[in-house]
Amino acid sequence: MKEIIKPVNEQEAIEMLHRYNEDLLPQKFGMAGKLWVTILCLVIAIGLYNYFWQLKLGLTVTGLSDTVSWGIYISNFVFFVAVSLVGSLITAILNLLNVSWRAPITRISEIIAVSGIMFAGLIIIVDMGRPDRILNMFLHGRIQSPIVWDVIVVMTYMTISLLFLIFPLLPGIAFCRDRMTNIPKWQHKMYKILSFGWTNKKAQYEIVVKAIKILSVLIIPVALSIHTVTSWLFATTYRPGWDSTNFGAYFVAGAFMVGAAAVIAGMFIIRKFYNRYDEYITDKHFDRMGRMLVLLSFVYLYFTVNEYFIPGYKMKGDEGEHLKELFVGHYAPMFWMVQIFGMIIPILVLLFPKGRKPVPIFIMAVFVIIGAWFKRYLIVIPTMLHPFLPLQQIPEASKHYSATFAEWSITGASLAGALLVITLFIRYFPIISIWELAEERGVPHDTIYEHLNEKE
Amino acid sequence: MTTFFKYLKSKRSLQLMLALGLFFFLSPRAYADKPAAAEKTSPTIKLSYKIHNGVKTVKVAVSYKEEKKFIPVGNIIVNLYLGEVKKFDKVSNDGWMGNLVTDDEGECVFMFPDNFNTLKANVHSFNFIASIGSDPKYEDTQEEITVNDMFIKLAFAKDSLTTVNAKLCKMQDSGMVPVPETEMKLLVKRAFGALPFGEDNLTTDADGLVSGVLPADLPGNANKSITIMARYEDQENDGIVEVSQDIPWNILPRENKLSQRTLWSSGHNAPVILVVVTVSLIILIWGTISYLVILLLRIRKQR
Amino acid sequence: MSQKSEDLEKKDDSASGRRKFLKLGILTAGLTIAGGGLQKVLSDEKDPEPKESGTKIKVMTPDGKLVEVDSTHIKEHDHCGASRDESRQGIPGKKYVMVIDLSRCKNALKCQKSCQKHHFLPEQDKWLKVYKMQDNEEASPYWMPKPCLHCDKPPCVKVCPVDATFKRSDGLVLIDNERCIGCRFCMAACPYSTRTFNWDEPKQPDNRACNEYSPETSNPRKKGTVEKCDFCPDMLKLGKLPHCVTACPNGVYYFGDANEDSVCNGDETVRFRQLLKDKAGYRYMEALGTEPSVYYLPASNRLFPFKDAEPEGEEKHS
C-alpha cells in the first residue's frame, strides 16, 4: 500500500491530477467483463421470457396461493429497498461527518442505491395481479394506504438518489466528453447531454458543492422513510411476526448492514478488475468499512434479539406458533443459517484487524448479502403460513409455499438487471470521483478548476 | 338382379322412396327419438294459497325428485284453473285463469286481479288447479288445492302501551262467522321475515279474537310507523291468511354512525390530519427537489 | 296508489261490507298488474294455450319500497346487480348483521355449496369456510362457519391503495374487481383469511343470465383480482336473505338489520340484541378492534353431537 502524500507545490498537484485522470477514465470491457455482461443478459432474457408467460397466464405461474399471497417477489422487493439505503449511508452521513476517506467509495454506493431502488420499483410491478391497471394508483390513490406512501417515498428517493449521483458526476461526464476520443457518436452525445453544459467553472463547482450539501441533509430522512414505510407494509397488519412496533427500526438497521456489505463487495470487485485501483480503494478503506459493518451488525443483532427472543420468552398464542416454526420447526435451518452466517460469523471475523483485509472482508460481505436476502424471505413467507385461522378447506398446495422456476428466474433477472445497471455505469462513467478524490488528497480547489480537464 | 337395377333406373319416384327409406332406417335420429319420448320426467307440483290484505295469490312450485332430492324445475309453463280444467266461462266467470313460467327456483306466483273479489263475492270456497301440459321434457301433471274464504280483522289500541287485536273470521253463506280455538300469530314486519310478538301460542277466544302488546322498545320504520301483521296458517284447508297495517310508532330505527373521515373511507375522505401531514411533507421535499433541479439546469449558464 | 286502494275498499264494501279494517300495505302496487291471465281472458277469449306470460315480480328498491316490474326487466337487474358506482352506495338506513349459532352447526356444508353455486366458484375457491375448531386440548371441538365478517373498521379497506375495496353505509364490504390492481395487501391485512385471489383466468359458466360485471354479484370474476364473500347484496336488494342463510337446513345463520333490531334465519325472526343477550353472543377475536358485523353464539347445548367426519359429497384432497 502506497503512502498517500499530500502535494507540496502546484506542479506536484497538477501532476497528481493528471495521473488520476489517466487512471480513472472508464475502460473498455476485457474478456471477463464481456462474459459477465453476456451472462447477466442471458439471465435477464430467461426472466423476461417467464414474465411474458406470467403476463399471459396470470400469477398462476408462481407458487403463490391464497395462503401465501406474498412470496419471493415481495421479499426481493424488501431486499432491493434495503440495499438501496446504502446511498445515503456512505455519501450523506460520511459527508456530513466530514470523514476523510470517503471520496473513492461514494459513487459506488450511489450507483448501488440508484439501481437498487429502480429494481425495487420494477419488482413490485411484477408482483401485481393487474399491472395494466397501474394508473389506478394515481387516478384513485388512497392516502390512507401504506402502499401509496411507499410509492411516494420510492419515487422521491429515486429522484433524490439520481440527483445525488449526477451532481458530483458532472465534472466526470464533462471530462469524458472532452477527453475521450475514439468513442462511438452516441456515447459522445450521451456525455454531452448528461454533462448539462459543464465547463469547469468555479461558479459551477460552487453550485455542485451547494447541491451536495442540501442533498446530504435531504436524503437522510427520505432514505430512512423508504425502509420504514416498507416495514409498515407488514407492521400495519395483524399477522403474527409482522405485528411489531420494532419493525421500522429493525428494517432500517438491517438495510444499513446489507448496504454496507454491498459497498464492500462492490469495492472489492472494482479494485480486482481495474488496474491501479488499489491506489485509490486502499486496504484502509476496507478496514474502515469493516469496522462500520461490524458496528452495524451489532446494531442489527440487538434488534434481532428484541424482535425474536423477547416475544420468544412469552410465546404468545399464534405468535408463539410462528416463532416455534422459526426456532425449531420447518424454517429452523434457514433461520439459524441466516443468523450464524449472515450475522454472527461476520461479526466475529470483522472484529479482528486481520479479518478486515480485502479478501476475508469480501467473503464476509457476500455472507451478509446472501443472509440478508434469505432474512427477508423469512420475514415474509413463514408469517403468511401462520394466519389466525387454521389452514383448512383449502387445496393442499395452499398449505405450503415453494417458489416456482418462473418466480426464481424473474427474481434472478431483477438481481441480474441491477448488477447490469451497475456494470454498465462503471463501463461508461468514472466510478471514482476524480475531483472529490483530488480535493480529499489536498489538491487546492483552484488547481482543480484550472487543470482537471487537461491532458498531460 | 341387373334387370332390377335397370327397372329402378327408369322409375324416378321409386328411387327416391328407396333412398328416403334407407335414410330413415340408417339415421341414428330415427332410433334416438323414441326412447327420449318415453323418458319424460315426472314433476311434482306444490300449491300454496295465500291471502294478504285481501289479495289472493297462489304460489306454484315445480320440482322433480332425483336421488332423494327435490330439484326445482325452472322455465316451465304452468296453467292455473278455477274449479275445473276448462276454458274460461263468461257466465260463471270460471275456468282458465292464466299461465306463468317458473323462475330458476321452480316457483311462480299467480296474483288475482282486484275485480276477482267482486266477481266471486258469493263463493266461499275455492278450488284451484295447476297443470303442466304438453311439455317436451316433463310429463303432464296437475295438482289442486281447495281453500276456504277466510279473513282477519286487525285493530290496535294505544295508551301507554300499544295493544293489537286480531279477529279471525270465515265467510259462509249466512255471512261471516268468527273462528274460535284457532292458533294465530301477531307479527311485526321486518327486513327479512316477520317478528312475532304477544304470548306464545296465541289462540283465538270464543269471538275469534287474539290480542297482544307490541314491545315498547321495538324500532319501527324510518317514517314513524310500524307494520303490524296478523297471520293464520292452515296449509291443508285455508292456506295462509294475512293482514298487515301500518300504525303510527315513535321509535325510529337506529341510525348508522357514519364516520366520514376515517382510515377506511375512500381517498377523498381521508382524515384531515393525515392529509395535512403528508401533503406538507410532499410539498417540502419536492419543493427542495425542484430547487435542486433548477440548480442543475443553471449550471449551463455559469460563465 | 291511493286511488287504487280506495277503489278496492269501495268494491269490497259493496260485496260484503267487511273490509273496513283493510288497509293496503306494501302489496298495493302489486295489484295493478296482478293476474294478467284473467284480465286477458275477460277481454278477448282465446284458447288457453301456453303463451308469453306477463310475469310480474316484486322488487325492493334501495329505499325499501316494493315495486313490480316485468320479468324481462328482472332478469337483467336480478342477476346483474347495480353498476360499479351505484354499488358503492349502501341500502339507505340498513345495517346488516349476521349471527351464527355454533350450537346448531353440524358441518352439513349446504351453505357453502349454495354459495359456490350462486357465485360460480370452483372447488378450490371457497368464500365461506366451515372450520373445525378446538380451543384447547380439553375443550370440545366444534364447527365454525366463517363468511366475510364485514368489519365496521375493516383492516382490508384501510390498506387498499386504489379504493377498490370499500365499506358501504349498510355495513357491507365489497370489491370492485374492475379497479383492483391485484397487490393483495388486503389479503395480508385481513386477519380472518377471508379473501381469495384469481391466480389465473377464472373459468366462467356459459349459461350465465348476465355478463355485465357488478360488485354486487362479484361476477363475472376477473383474473388477477381479489374476491371474497359479499353477503349477496343482489339478494338483499330484493328483500331476500343471502344464499348461505336460506340454504342452511339447521337454521345456523341469522341475518338481518341491526337498526331495526331483528334477524331472521329463514324460519324464525328474532330480536337481534335479545338473541345475543340470551345466548351470550360474541365476535371472533374482538381484541383486534375490527368490529365485525358477524356475531357468534357459543357452541353450548349442541343440537348435534360433534362428528369428525368428512361431510357427504365432500371431495377429499390428496
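Residues numbered from 1 in each chain as written. Chains lettered and ligands numbered in written order. Predicted model: local features only at pLDDT ≥ 70, side-chain atom pairs only at ≥ 80, totals over all residues. Heavy atoms only, no water.

Each helix and strand counted, chain B has five helices and 16 strands in total. The buried share of chain B, taken over its 303 residues, is 41%. Long-range contacts, defined as pairs at least 24 residues apart, comprise 52% of the intrachain contacts of chain B with a sequence gap of at least 6. Accessible surface, chain B as shown: approximately 17400 Å² in total, 56% of it carbon and sulfur. (Helix = DSSP H or I, 4+ residues; strand = E, 2+ residues; numbered from the N terminus. Buried < 20%, exposed > 50% of the residue type's maximum accessible area, 1.4 Å probe, protein only. Contact = heavy atoms within 4.5 Å. Areas by Shrake-Rupley, 256 points an atom, 1.4 Å probe, with all protein chains shown as cover.)

To continue, consider the confidence of the model for chain B. Residue and element names in this part refer to chain B. Taken as a whole, chain B shows an average pLDDT of 82; of its residues, 84% reach a score of 70 or greater. When mean pLDDT is taken per element in chain B, helix α5 (residues 272–298) scores highest with 94 and helix α3 (residues 28–38) scores lowest with 48. Confidence over residues 28–36 falls short of pLDDT 50; this stretch has two contacts with residues more than four positions distant or in other chains. (pLDDT = per-residue confidence, 0-100.)

The next thing to look at is the confidence of the model for chain C. Residues and elements named next belong to chain C. This prediction gives chain C a mean pLDDT of 77; 71% of its residues lie at or above 70. Per-residue pLDDT, averaged within each element of chain C, yields its smallest value for helix α2 (residues 28–31) (29) and its largest for strand β13 (residues 294–297) (97). In this model residues 1–78 is a low-confidence stretch, pLDDT under 50, and it forms 120 contacts with partners more than four residues away in sequence or in other chains. Low confidence marks residues 312–318, where pLDDT is under 50. Its contacts with residues over four positions away, or in another chain, come to nine contacts. Under the prediction, the complex receives an ipTM of 0.90, its pTM being 0.84.

With that settled, the discussion passes to the interface of chain B and chain A. At the interface, 28 residues of chain B touch 29 residues of chain A. Buried area between chain B and chain A, both sides added, is near 2200 Å², and the carbon and sulfur share of it is 77%. Summed over the three residues of chain B that lose the most area to chain A, namely Leu292(B), Leu296(B) and Ile299(B), the buried surface amounts to 28% of that side. Across the contact surface, chain B and chain A share zero salt bridges. The interface formed by chain B and chain A includes eight residue pairs in polar contact (both at pLDDT 80 or more). By residue class, the composition of the side of chain B that touches chain A is 17 nonpolar, eight polar and three charged. (Buried area = accessible area lost by both parts, 1.4 Å probe. Salt bridge = Lys/Arg side-chain N within 4 Å of Asp/Glu carboxyl O. Polar contact = N/O pair within 3.5 Å; in protein donor to acceptor, adjacent residues only side chain to side chain. Nonpolar A, V, L, I, M, F, W, Y, C, P; charged D, E, K, R; others polar.)

Attention now goes to the packing of aromatic side chains. Taken as a whole and judged by the stated rule, the model has 47 aromatic pairs over all chains. Where Tyr377(A) meets Tyr401(A), the ring centres are 6.4 Å apart and the plane angle is 35 degrees; that geometry is what we call tilted. Here the residue Tyr377(A) occupies a position in helix α14 (residues 358–384), and Tyr401(A) occupies one in the loop between α14 and α15 (405–428), the gap between them amounting to 24 residues. By relative accessible area, which is 7% here, Tyr401(A) ends up buried. The ring of Phe29(A) carries the charged tip of Arg427(A) above its face, separated from the ring centre by 5.8 Å. Positioned above the aromatic ring of Phe304(C) is the side chain of Lys106(C), whose terminal nitrogen or guanidinium carbon lies 5.1 Å from the ring centre. (Phe/Tyr/Trp six-rings, centres within 6.5 Å; stacked < 30°, edge-to-face > 60°. Lys NZ or Arg CZ within 6 Å of the ring centre and 35° of its normal.)

Residues and elements named next belong to chain B. Spatial strand order, β5-β4-β7-β8: four strands in an open sheet with antiparallel pairing. The outermost strands of the open sheet, each flanked by one partner alone, are β5 (95–101) and β8 (141–148). Between one strand and the next, the sheet's axes are offset by a mean angle of 20 degrees, whatever the strand orientation. (Pairing = 2+ DSSP bridges. Axes fitted to C-alpha atoms, helices over the stretch in contact; angles between N-to-C directions.)

Residues and elements named next belong to chain A. Among the structural elements, Met289 can be located in helix α11 (residues 283–314). Met289 sits in the buried class, given a relative accessible area of 0%. A sequence separation of 192 residues divides Met289 from Leu97, and the C-alpha atoms of the two residues are 15 Å apart. Beyond its immediate sequence surroundings of up to four residues, Met289 is in contact with Ile90, Trp101, Ile105, Ala260, Val263, Ile264, Met267 and Ile361.

Quick look at the nonpolar core now. In this structure, Trp70(A), Ile90(A), Phe167(A), Phe234(A), Met289(A) and Ile431(A) are the most contacted members of the largest nonpolar core, which totals 181 residues. One finds Tyr49(B), Ile51(B), Ala230(B) and Ile247(B) within the second-largest nonpolar core, a separate group that totals 50 residues. (Core = buried A, V, L, I, M, F, W, Y, C linked by side-chain atoms within 4.5 Å.)

Residues and elements named next belong to chain C. One pass over the full model with this rule turns up 32 salt bridges over all chains. Ionic pairing is found between Arg168 and Glu216, a salt bridge with its closest N-O pair at 3.3 Å. One end of the pair, Arg168, is in the loop between β6 (165–167) and β7 (173–175); the other, Glu216, is in the loop between β8 (196–197) and β9 (226–227), with 48 residues separating them in the sequence. According to the relative accessible area criterion, Arg168 is buried, its value standing at 3%. Ionic contacts of the salt-bridge type, sharing partners, join the residues Arg84, Arg88, Asp163, Asp176, Glu178 and Lys222 into one network.

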